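Analysis of the macromolecular model
Residue-level listing of the chains:
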Amino acid sequence: MKEKLLKIYYSTVITIFSGLTLVMPVRAAEDPLAVINNLSDFTFSILKGVGGILTAFGIVQFGMSFKSHDPSQRANSVMTVVGGLIIAFSKEILGKIMG
């Protein structure tokens, strides 16, 4: 009985995941540079989100370092905040560097 239930469970899981991974036909854009620009915008939006999360995490760490009186945690939290800000604004930073 247990084996039969496991077979039903596995077949259900496989059916669901195979339905989620179906290949959908996609039309290519007329301009290949538009595809690259869209991918770049998508990548930088993900980086902006990750940078915001890291910045928020660093701020929380900084607050917790005052509670525990740990100077090394305070230094690590400041580095996390600065790193998160650099990641969040990487598109603008690269734009200024490239001209």
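Preceding block: the structure.
Here's what I pulled together on the structure shown here. None of these values were measured; they are calculated from a predicted model.

**Remarks on the overall build of the protein chain**
For the protein chain, the count of helices and strands is 4 helices and 0 strands. In the protein chain, the succession of α and β elements from N to C terminus is α-α-α-α. Evaluated residue by residue, the protein chain yields a buried proportion of 10% over its 99 residues. Across the protein chain, every contact between residues at least 6 apart in sequence was considered, and the portion connecting residues at least 24 apart equals 51%. As presented, the protein chain carries roughly 8,400 Å² of accessible surface, and 74% of it is formed by carbon and sulfur atoms.

**What to know about the pattern of salt bridges**
Scanning all chains against the criterion turns up 2 salt bridges. The shortest N-O distance in the salt bridge between Lys-91 and Asp-41 comes to 3.0 Å. Of the two residues, Lys-91 is situated in helix α4 (residues 90-98) and Asp-41 in helix α2 (residues 32-68); the sequence distance between them amounts to 50 residues. Its salt-bridge partner being Lys-48, residue Glu-92 comes within 3.4 Å of it at the nearest N-O pair. With a gap of 44 residues between them, Glu-92 in helix α4 and Lys-48 in helix α2 connect regions that are remote in the sequence. A relative accessible area of 39% means that Glu-92 is categorised as partly exposed. Since its relative accessible area comes to 38%, Lys-48 is described here as partly exposed.

Reading the values: the criteria
By convention here, each chain's residues receive numbers from 1 onward along its written sequence. In keeping with the model being predicted, local features are shown solely for residues with a pLDDT of at least 70 and side-chain atom pairs are shown and tallied solely at 80 or more, while totals for entire chains, interfaces and linings include all residues. Water and hydrogen atoms play no part in the side-chain values, which are based on all heavy atoms of the structure. Strands here mean DSSP runs of E at least two residues long; helices mean DSSP runs of H or I at least four residues long; both are numbered from the N terminus. Accessibility here uses a 1.4 Å probe with only protein chains present; expressed as a share of the type maximum, an area under 20% marks a residue as buried, one over 50% as exposed, and anything in between as partly exposed. In what follows, residue pairs with any heavy atoms lying within 4.5 Å of each other are defined as contacts. Areas reported here follow the Shrake-Rupley algorithm with a probe of radius 1.4 Å; residue values treat only the protein chains shown as occluding. Salt bridges are defined by distance alone: a side-chain nitrogen of Lys or Arg within 4 Å of a carboxyl oxygen of Asp or Glu.

Function cannot be read off these values alone, since they describe shape.
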